[in-house]
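# Report on the structure
One-letter residues, chain by chain:
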Amino acid sequence: MTTFPQSNLLQQLPKQFFASLVQKVHAVIAEGRDVINLGQGNPDQPTPPHIVAALQQAAANPTYHKYSPFRGYSFLKEAVATFYKREYGVTIDPEKEVAILFGGKAGLVEMPLCLVNEGDVVLVPDPGYPDYWSGVVLARARMEMMPLRAENNFLPNYEELDERVVKQAKLMFLNYPNNPTGATATESFFKETVSFAQKYGIAVVHDFAYGAIGFDGKKPVSFLQTEGAKDVGIEIYTFSKTYNMAGWRIGFAVGNESMIEAINVLQDHLYVSMFGAIQEAAAVALLQSQQCVAELVATYEARRNTFIRALKDVGWNVQAPAGSFFAWLPVPKGYTSETFADLLLNQAHVAVAPGIGFGEHGEGYVRVGLLTSEERLKEAAERIGRLQLF
Ligand SMILES: Cc1ncc(COP(=O)(O)O)c(C=O)c1O
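Before going into details, it helps to say that this report is about the structure given with it. Here the residue numbering is sequential within each chain, running from 1 through the sequence in written order. Residues qualify for local features only when their pLDDT is at least 70, as the model is predicted, and side-chain atom pairs are given and counted only at 80 or more; totals for whole chains, interfaces and linings, by contrast, use all residues. Side-chain numbers here rest on the full set of heavy atoms in the structure, without hydrogens or water.

Time to look at the site of the ligand. Proximity is defined per residue: any heavy atom of the residue falling within 4 Å of a molecule or strand makes that residue near it. Looking at the ligand, there are 14 residues lining it, with G104, D207, T238, S240 and R249 nearest. What qualifies as a polar contact is a pair of N or O atoms within 3.5 Å, subject to a donor-acceptor requirement within protein and to the restriction that residues adjacent in sequence count only when both atoms come from side chains. In this structure, an oxygen atom belonging to the ligand sits 2.7 Å away from a side-chain N or O atom of Y210. In this structure, an oxygen atom belonging to the ligand sits 2.6 Å away from a side-chain N or O atom of T238. Counting from the N terminus, the helices are DSSP H or I runs at least four residues long and the strands are E runs at least two residues long. Elements represented by at least two residues in the shell around the ligand include exactly α5 (104-115) and α10 (239-242). Top contributing element to the shell around the ligand by residue count: α5, with three residues. Ten residues, namely Ala, Val, Leu, Ile, Met, Phe, Trp, Tyr, Cys and Pro, are considered nonpolar, four, namely Asp, Glu, Lys and Arg, are considered charged, and the remaining ones, Gly among them, are considered polar. The residue inventory of the shell around the ligand, partitioned by class, reads four nonpolar, six polar and four charged.

Moving on: the pattern of salt bridges. Basic side-chain nitrogens of Lys or Arg form a salt bridge, by our definition, when they fall within 4 Å of a carboxyl oxygen of Asp or Glu. This structure, assessed with the given rule, holds 20 salt bridges. When the shortest N-O distance is used, the salt bridge between D342 and K24 registers 3.0 Å. You can see D342 sitting in helix α14 (residues 337-348) and its partner K24 sitting in helix α2 (residues 17-30), a full 318 residues away along the chain. Partly exposed residues are those whose accessible area sits between 20% and 50% of the maximum for their type, while under 20% is buried and over 50% is exposed, using a 1.4 Å probe and protein chains only. Residue class for D342 comes out partly exposed when judged on its relative accessible area of 26%. Take K24: its relative accessible area is 32%, and that puts it in the partly exposed class. With a closest N to O distance of 2.8 Å, D216 and R304 form a salt bridge. Of this pair, D216 sits in the loop between β6 (203-207) and α9 (229-232) while R304 sits in helix α13 (residues 291-313), placing them 88 residues apart in sequence. Classification of D216 by relative accessible area gives partly exposed; the value is 49%. Put simply, D34, R376, E379 and R383 are held in one network by salt bridges that share partners.

Any two rings among Phe, Tyr and Trp, with Trp reduced to its six-membered ring, count as a pair given centres within 6.5 Å; such a pair is stacked if its planes are under 30 degrees apart, edge-to-face if over 60, and tilted if neither. Taken as a whole and assessed by the stated rule, the structure comprises 34 aromatic pairs. Relative to Y365, the ring of F154 lies with its centre 6.1 Å away and its plane at 80 degrees, an arrangement referred to as edge-to-face. Pair noted here: F154 is in the loop between β4 (142-147) and α7 (163-166) and Y365 is in strand β12 (residues 365-369), with a separation of 211 residues, a long-range link. Note on accessibility: F154 and Y365 belong to one class, buried.

All right, on to the sheet that holds strand β2 (residues 98-101) then. Adjacent strands of a sheet form backbone hydrogen bonds with each other and so pair up, either parallel or antiparallel. Read across the sheet, seven strands follow the order β2-β8-β7-β6-β5-β3-β4 without closing on themselves; strand pairing throughout is mixed. Whereas interior strands pair on both sides, the edge strands pair on one side only; in this sheet they are β2 and β4. Sheet twist, expressed as the mean angle between neighbouring strand axes with direction ignored, is 20 degrees. Relative to strand β5 (residues 169-175), strand β3 (residues 121-126) runs parallel, the two sharing three bridges. In the strand pairing of β5, V122 is matched with L171. Throughout, a contact is declared for two residues whenever any of their heavy atoms are within 4.5 Å. Axes, fitted as lines to C-alpha atoms, cover a helix only where it is in contact. Angles between the N-to-C directions of the axes lie from 0 to 180 degrees. On the sheet, helix α6 (residues 131-138) packs against β3, β4, β5 and β6 and is oriented at approximately 165 degrees with respect to β3. When DSSP finds two or more bridges between two strands, those strands count as paired.

Attention shifts here to the pairing of strand β8 (residues 251-255). Burial within β8 is extensive, with five of its five residues counted as buried. Covered by surrounding structure in β8 are G251, A253 and G255 together with F252 and V254, the residues of both alternating faces. As paired strands, β2 and β8 are joined by four bridges and run antiparallel to one another. Among the inter-strand pairings, V98 is bridged to a residue of β8, identified as V254.

Here, patches come from residues exposed beyond 30% relative accessible area and free of salt bridges, joined within 9 Å for like charges and within 5 Å for nonpolar side chains (Val, Leu, Ile, Met, Phe, Trp, Tyr). Note that accessible areas follow from Shrake-Rupley with a 1.4 Å probe, and for residues the cover is restricted to the protein chains shown. Together, Y67, F70 and V272 give the surface a local cluster of nonpolar side chains, amounting to about 370 Å² of exposed area. The topology assignment puts V272 in the loop between α11 (257-270) and α12 (276-287). A relative accessible area of 31% means that V272 is categorised as partly exposed.

Structure below.
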């Protein structure tokens, strides 16, 4: 077999840091250990039955066996507009301000290709979801990190960024509730973001993947609820977390008309929209009872409370996340995020994600997914406690 070298562009893509974590976990499982795997971000619950039933029924509809309309069915875009009005009081034009996505990840990776030219700067949160980096590389753009620090509630401080760099920025990514820190945004931060973006002509992409998951009775704010937000940005929403539909690969972008048009133009060339039956089931998810979402959030909140309490009981001084399904935990003195994650895996058989995998400012933390039962989370905390590190 001839081995064809990958293009220079592909070779520049960042290495998948978490692939090595998966290998390490499998090696310990292969030794016969019962590993509690809290290292990944894959929702553990099934899709609510009424959404599955809608797909089953729609799959039999011959209309959907043909090519779907290029930019998606209008009924789904109208459902998105109804959802944004109902949940956030935001008015959306379904034809001009909605783009259907093959999962949030696809939209996030597409955005730099849509808006930036070679050498332009893209502002990216650090720590942050690594897929932002991939789109920046594919667009041959330059990435500038915005540090997220505990003392600023893991919000970027625009004043600390170098103005010469900011002037070259064309695009920025934000994500609240935040992966990996579990922090949530405030209305005043989003106001500041709109002014900053207007001043420097930066397009804002707010990744709202965990938009439904806020704790202590606080519903996370949508960026689009901020006055002027649609002038400067879009929000990317996914069905993966809100409705446990990670395997279905569907999401949408809403907001600034020119950014939505750019996504649609790119997607006209990449795809012919998505299987109509998935679009129909997705509309059902948005329009029918949201009781399943309330129950899901209550489940994550109960897990968070149990886990954080159990960690405090063993002497680990941790903060409870305000949203998302992650907890961001400081590593004890004397360890890096990787050596600590290795220690937990090898000695407590608990897998966590080292913070360094999310960027330089992730060092000093590990990320835990609240994606298993309260009993298993409690047991994970007890196993960690037995190491007597705190
Ligand atoms: C911050 C963040 N954004 C986006 C996504 C992408 O979700 P999907 O591609 O499943 O819609 C994820 C998934 O883990 C995420 O954590």
